[in-house]
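Take a look at the letters that make up each chain.
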Amino acid sequence: MGAGDLKNLATKMQSLLNLIKYPHDINYQFIFRGYTQEFLPPLNYIFQEYSLPLVKYFVSKNYELSCKTDAEFIETVYKICRDEFSYVPNLRRDKFFNSGYAAQKLI
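We now turn to the structure provided with this report. (Residues numbered from 1 in each chain as written. Predicted model: local features only at pLDDT ≥ 70, side-chain atom pairs only at ≥ 80, totals over all residues. Heavy atoms only, no water.)

Glancing now at the overall build of the protein. In terms of regular secondary structure, the protein is built from 7 helices and 0 strands. Each helix and strand of the protein, placed in order from N terminus to C terminus, yields the pattern α-α-α-α-α-α-α. Here the C-alpha radius of gyration of the protein, 14 Å, is about what a compact globule of 107 residues would show, namely 13 Å. Dimensions along the principal axes, computed over C-alpha positions, put the protein at roughly 40 × 30 × 25 Å. Within the span of the protein, comprising 107 residues, buried residues form 34% of the whole. When contacts within the protein are restricted to residue pairs at least 6 apart in sequence, those whose partners lie at least 24 apart make up 47%. Here the protein displays about 6,900 Å² of accessible surface, and carbon together with sulfur accounts for 53% of that area. Of the side-chain charges in the protein, 13 are positive and 11 negative, and the distance between the mean point of each set is 4 Å. (Helix = DSSP H or I, 4+ residues; strand = E, 2+ residues; numbered from the N terminus. Rg over C-alpha atoms; globule rule 2.2 N^0.38 Å. Buried < 20%, exposed > 50% of the residue type's maximum accessible area, 1.4 Å probe, protein only. Contact = heavy atoms within 4.5 Å. Areas by Shrake-Rupley, 256 points an atom, 1.4 Å probe, with all protein chains shown as cover. Lys, Arg positive; Asp, Glu negative; His and termini not counted. Charge placed at Lys NZ, Arg CZ, Asp CG, Glu CD.)

Right under this line is the structure:
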């Protein structure tokens, strides 16, 4: 995938983060390199802070998101995506923690 495509995906991500009032800065150089650690804080925010009703719903369904290792957290996020939203990410969980795969992580 070309640099222009990555920039378009990053622009979409930034627009969505602005929409939900994500309170932190994103290092897009790390995003473009696919560094996992830059993707985790927005996911944590979305699944644990953004919406109290959503967090309560996840708790009611016995999804444990807090006090987890990064790998366990991502495993739960993938499970929520699959079971609650009928969405299966293109990138396998084991590949999520590898550097690279920036486009798949942005999608």
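That shown, we press on.
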